[in-house]
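A closer look at the structure
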Amino acid sequence: MPDPAADDAAREAAARDAAEETSALSHPAVAPDATAAYGEHPDQKVDFYAPRGGEDPAPLVVLLHGGAWRAPYGRLHVTPLADFLARRGLAVANVEYRRGAALPQQREADAVGGPVAGRWPDTFDDIAAAMDALPGLAAAALPQADPRRTVITGHSAGGHLALWAAARHVLPADAPAGWRLPGPPGLRGVVALAPVADLRRAAELDVCGGAVHQLLGQDDQFDERLTCADPALLLPTGIATTIVHGRADTVVPPAVAEAYADAAAKAGEPVGFTLLADVGHFPLIDPASDACAVVAEEIAQLAW
């Protein structure tokens, strides 16, 4: 029988999500202080935001946007967050990367209609290349930045990529060329915001309408690629890691990040986990929200 109370709760959650998304995406885009390319593709760009109010070297925050690895969602929507962090004295690198397209291995997913999530291997190629290029790019474009104090943060699908970037040194030996590092990356830490942190659990929950399978493929292809793509399988990293998640998030349920935290605990690696009551998916990147101030504080604790 229908459950009127459950139906009402679902409607309230949907209305809250819509309002939070509208608020987060309502801020005008903020132009960067400099832009640099880390490759020849139009999406291989980094926007730099200088720290406001000081000339001393400032920690560098690498920002990876979300959007389910889908092409319609680019770095523009997190420029207000980049500016918010810069106004708190942080240097910011807002990274763009290649996202979904109708690639041959994704035709089945593309056939269902709508944008396809991610590119294999291009999305991961770009994150690896951007991270490798950033110290040099920042030195040229943003001399106020101190790459020795780098924190990487990302929201949603960008949170997945941030965790992955911090785990490149523990990738399997047969990972695609350019992905694996010989030693830990030079990071102070990771602050993952509502991350798609455990890809298998996210696939089970059909997060973002099948985005994980669109990114990695189906069946044997999914299982094979998971070993190189799932942060929950790339532990321990030895990199300080904090997760910030809204308890009321229905876009990427907290259960996905909890699965990652459980895997980290089993691997002997402590992970900070901040669950914010009555917060959904989008306030974490909304400078008008209290949740965004929590995010900035978590980043600052690792950066300074």
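Residues numbered from 1 in each chain as written. Predicted model: local features only at pLDDT ≥ 70, side-chain atom pairs only at ≥ 80, totals over all residues. Heavy atoms only, no water.

What tends to happen in soluble globular proteins is that the nonpolar side chains get buried as a cluster. F48, W69, I152, V212 and L216 are the most contacted members of the largest nonpolar core, which totals 67 residues. Here this core takes 8 residues from helix α4 (residues 122–141), the largest share from any one element. Not counting residues up to four positions away in its chain, the partners in contact with F48 are P32, D33, A34, A36, V92, A93, L134, L137, A138, A141 and L142. Listed in part, the 29 residues of the second largest apolar core include V279, F282, I299 and A303. (Core = buried A, V, L, I, M, F, W, Y, C linked by side-chain atoms within 4.5 Å. Buried < 20%, exposed > 50% of the residue type's maximum accessible area, 1.4 Å probe, protein only. Helix = DSSP H or I, 4+ residues; strand = E, 2+ residues; numbered from the N terminus. Contact = heavy atoms within 4.5 Å.)

Okay, the pairing of strand β5 (residues 145–155) next. Across the 11 residues that make up β5, a large majority, 9, are buried. Where strand β3 (residues 58–64) meets β5, 7 bridges bridge the pair, whose relative direction is parallel. What sits directly across from L60, in β5, is T150. Bridge analysis of β5 against strand β6 (residues 189–193) gives 5 bridges, and the strand direction is parallel. By the bridge assignment, V151 is partnered in β6 with G189. Between the parallel elements β5 and β6, the chain passes through helix α5 (residues 157–165) in a crossover that is right-handed. (Pairing = 2+ DSSP bridges. Right-handed = clockwise from strand over helix to strand, strands pointing away.)

Turning our eyes to something else, we now look at the pattern of salt bridges. Under the counting rule described, the total for this entry stands at 16 salt bridges. Residue R98 pairs with D122 through a salt bridge whose shortest N-O separation is 3.1 Å. Taken as a pair, R98 in the loop between β4 (91–95) and α3 (107–111) and D122 in helix α4 lie far apart in primary sequence, 24 residues in all. The pair formed by R98 and D122 is uniform in burial state, with each residue classed as buried. Of the charged contacts in the structure, one is a salt bridge between R98 and D126, with a shortest N-O distance of 2.7 Å. Placement of the pair is R98 in the loop between β4 and α3 and D126 in helix α4, with a sequence separation of 28 residues. When its relative accessible area of 1% is taken as the criterion, D126 is described as buried. The network of salt bridges with common partners includes D43, D47, R75, E96 and R99. (Salt bridge = Lys/Arg side-chain N within 4 Å of Asp/Glu carboxyl O.)

Strand order in the open sheet formed by 8 strands is β1-β2-β4-β3-β5-β6-β7-β8, and the pairing between neighbours is mixed. Of all the strands in the sheet, the pair left with one neighbour each is β1 (34–37) and β8 (272–276). Recorded for the sheet is a direction-independent mean angle of 20° between the axes of neighbouring strands. Of the pairings in the sheet, the one linking β3 to β4 comprises 5 bridges and is parallel in character. (Axes fitted to C-alpha atoms, helices over the stretch in contact; angles between N-to-C directions.)

Now for the pairing of β6. Among the 5 residues of β6, 5 are classified as buried, and the element is accordingly described as predominantly covered. Neither face of β6 is open: one carries G189, V191 and L193, the other V190 and A192, and all of them are buried. Summarising the sheet, β6 and strand β7 (residues 241–246) pair through 4 bridges and their orientation is parallel. The partner of A192 across the bridge, within β7, is I243.

With 13 residues, helix α9 (residues 254–266) should cover 18 Å at 1.5 Å per step; its first-to-last C-alpha distance of 18 Å lies within 8% of that length. The complete set of buried residues in α9 reads P254, V256, A257, A259, Y260, A261 and A264. In the core, the buried residues of α9 are packed alongside α5, α6 (199–204), β7 and β8. The first or second residue beyond α9 is G268, which carries a positive phi of 80°. (Expected span 1.5 Å × (residues − 1).)

Those residues of helix α8 (residues 219–229) that fall on the buried side of the exposure criterion are F222, R225, L226, C228 and A229. All buried residues of α8 lie within an arc of 160° about the axis, which places them on one face of the element. Set apart from the buried face of α8 by more than 90 degrees, the exposed residues are D220 and E224. Elements in contact with the buried residues of α8: α4, α5, α6 and α7 (211–216). (Arc of directions from axis to C-beta.)

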